[in-house]
Amino acid sequence: MKDLIGREMTPVERKILRAYDGLAALLREPGLAPTVVSNLKEAASSLWICVNELGLRAERDDDLAL
Amino acid sequence: MTTESPYWNPKMETLPREDLRRLQGKKLRAAVARAWERSPFQRRRLEAAKLHPGKIRRFEDLKRLPFTTRAEWMDNQAEKPLFGDLLATPAEQAIRYHMTSGTTGRTPLRVLDGRTDWKWIAECWCYGFHAFGVRPGDVVFFAFSYGTFIGFWGAHYACEKMGCLVLPSGNMATPNRVRLIEEMGATVVCATPTYALRLAQEAREMGIDLPKGKVRRLIVSGEPAGSIPASKRLIEEQWGAVCGDTAGMTELGTIMMFECDRQPGGAHVIEDHFIEEVVDPETGREVAYGERGERVVTSFGRGSIPVFRYRTRDLVVKVPHSRCSCGRTFDLFEGGILGRVDDMLLVRGTNVYPRAIESIVREHAVVDEFQIYLWTAEGIRDEIAVRFEVRAGHEAGWEKAAKALHDDLVRNHEGLGILVERVAAGSLPRFELKARRVKDERIVKGGGA
């Protein structure tokens, strides 16, 4: 799995990406309480910055309305 | 878990230039493809340039994109109030509204940002604060009004995120701000350069010896003076602290350059989030390293507002990253923002730049505040004077200094007759945000003011 520069991602970078994708998947679950949605969005938004900062992915998940 | 690094983002701040170009190319491709799908304003511009997103794949493709001007942006907002159709996310998803401060342009630009935009805005500020030595545990004071001008909002969030104690001063009067800095033991002060001097003046009048206090760093923004050596030296002397420059703009939402703790005489561009070109303001052609030109910025990070090749009208000189010894591979703007393309005043055929005047004026310790005043004499002739308030305790040295000031100003302006006038202490305006030291009352202005 490579980053945007073309380097192999480190184990930690892969974990960060997996954590973000996990939060994104949670946010797509139906019937979440407002508190869950808001706090998951805060967390996913912060993790997205992390993903972006490390150059792991450039495309945004606009369907999540982060 | 954590290691002390001089860099906020070591991976990106030390990336070899060829890798940085590759990263910028990938981010550019994604940003253009997204703008095509989500921003009608950008899609129309791409279609007018006969560009499908598929044609923007690498960094080298950047120059295929047309320039964006502030006039286009403002016209779009006027045609489709309030925000035009530039936004790439629905307005309903925004969490904050801001607008430009209005020092240029007919009407302010209005912007909306979402949750992730704000996290990114703060993130860019973190590059600057960390690079200038701010760390968790610092006590950071903001001389900022927290209104619709975006100013230090992102810096405030950056410091909270870094684990600093933030002291917001909102609409406090200057003496109360000085008192808060003193009482709370602020270690970092954020202000415009002009207001940093104003705070120092107030502290003197209150009998507070700032250099003996706890403030160790000043981080300034909002005016070119933060990188004028004489102005920076004056701020550092009066505070007994080091002064670092940053520069940002509402159109981007955050800073795009910062000065690191090596103080190399310029500011590093945050190149993993922005592409900064420098072009001849007349022809639009790129100029070489070391040549003065207009900043043209492309931004990747702000999801709500995609900005491609925006003509900022800021004058800069780009120099290679090797000019600084900090190890970052981000290029620098030597001397920060040098002024604005339309700041130039034409007086009897001579170009006069307010920043150049300030750099001369701040070499003279007698000067407390100043103003550049222009008027039309005898209904036809342009005249220019620089008005000065003399710093308390320096009155005896005024006559000698006035002659030196006059000689310096004239010598640096091709012999143009510039009058030097002393005015009463406290009679010139003071500024908390962007200083406006040019008062142009000419009937016909020879240059933009």
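Analysis parameters
- Residues numbered from 1 in each chain as written.
- Chains lettered and ligands numbered in written order.
- Predicted model: local features only at pLDDT ≥ 70, side-chain atom pairs only at ≥ 80, totals over all residues.
- Heavy atoms only, no water.
- Contact = heavy atoms within 4.5 Å.
- Buried area = accessible area lost by both parts, 1.4 Å probe.
- Salt bridge = Lys/Arg side-chain N within 4 Å of Asp/Glu carboxyl O.
- Polar contact = N/O pair within 3.5 Å; in protein donor to acceptor, adjacent residues only side chain to side chain.
- Helix = DSSP H or I, 4+ residues; strand = E, 2+ residues; numbered from the N terminus.
- Pairing = 2+ DSSP bridges.
- Axes fitted to C-alpha atoms, helices over the stretch in contact; angles between N-to-C directions.
- Buried < 20%, exposed > 50% of the residue type's maximum accessible area, 1.4 Å probe, protein only.

Caption draft 1: Inspection of the interface of chain A and chain B at higher detail. Every contact between the two is made by 23 residues of chain A and, on the other side, 29 residues of chain B. Summed over both sides, the interface of chain A with chain B buries roughly 2100 Å², with 49% coming from carbon and sulfur. Summed over the three residues of chain A that lose the most area to chain B, namely Ile 5, Glu 53 and Arg 60 of chain A, the buried surface amounts to 32% of that side. Counting every contact that joins chain A to chain B gives 7 salt bridges. Taking the shortest distance from any N to any O, the salt bridge between Asp 3 of chain A and Lys 11 of chain B comes out at 2.8 Å. Scanning the region where chain A abuts chain B turns up 16 residue pairs in polar contact (both at pLDDT 80 or more). Element by element, the count of residues in the side of chain A that touches chain B is highest for helix H2 (residues 34-53) of chain A, at 9 residues.

Caption draft 2: Main features of the sheet that holds strand E17 (residues 367-377) of chain B. Residues and elements named next belong to chain B. In space, the 4 strands of this open sheet follow the order E19-E18-E17-E20, with mixed pairing throughout. Both outer strands of the open sheet, strand E19 (418-422) and strand E20 (438-441), are each paired with one neighbouring strand and no more. Averaged over all neighbouring strand pairs, the angle between strand axes comes to 20°, with direction disregarded. The strands that helix H11 (residues 398-411) touches are E17, strand E18 (381-390) and E19; relative to E19, the one it contacts most, it runs at about 155°.

Caption draft 3: Representation of the environment of Leu 234 of chain B within the structure. Residues and elements named next belong to chain B. For Leu 234, the location among the structural elements is in helix H9 (residues 229-239). In this structure, the C-alpha to C-alpha distance between Leu 234 and Glu 363, residues 129 residues apart in sequence, is 8.4 Å. Discounting chain neighbours no more than four positions away, the residues touching Leu 234 are Leu 197, Arg 362 and Arg 391.

Caption draft 4: Spatial organisation of the pattern of salt bridges. All names here are of chain B. In the structure shown here, the tally under the stated rule is 53 salt bridges over all chains. Glu 47 serves as the salt-bridge partner of Arg 43, at 3.3 Å between the closest nitrogen and oxygen. Of this pair, Arg 43 and Glu 47 both sit in helix H3 (residues 40-48), 4 residues apart, which is roughly one turn of that helix. According to the relative accessible area criterion, Arg 43 is partly exposed, its value standing at 30%. Overall, Glu 47 belongs to the partly exposed group, its relative accessible area being 41%. For the salt bridge of Asp 61 with Arg 64, the shortest nitrogen-to-oxygen distance reads 3.7 Å.

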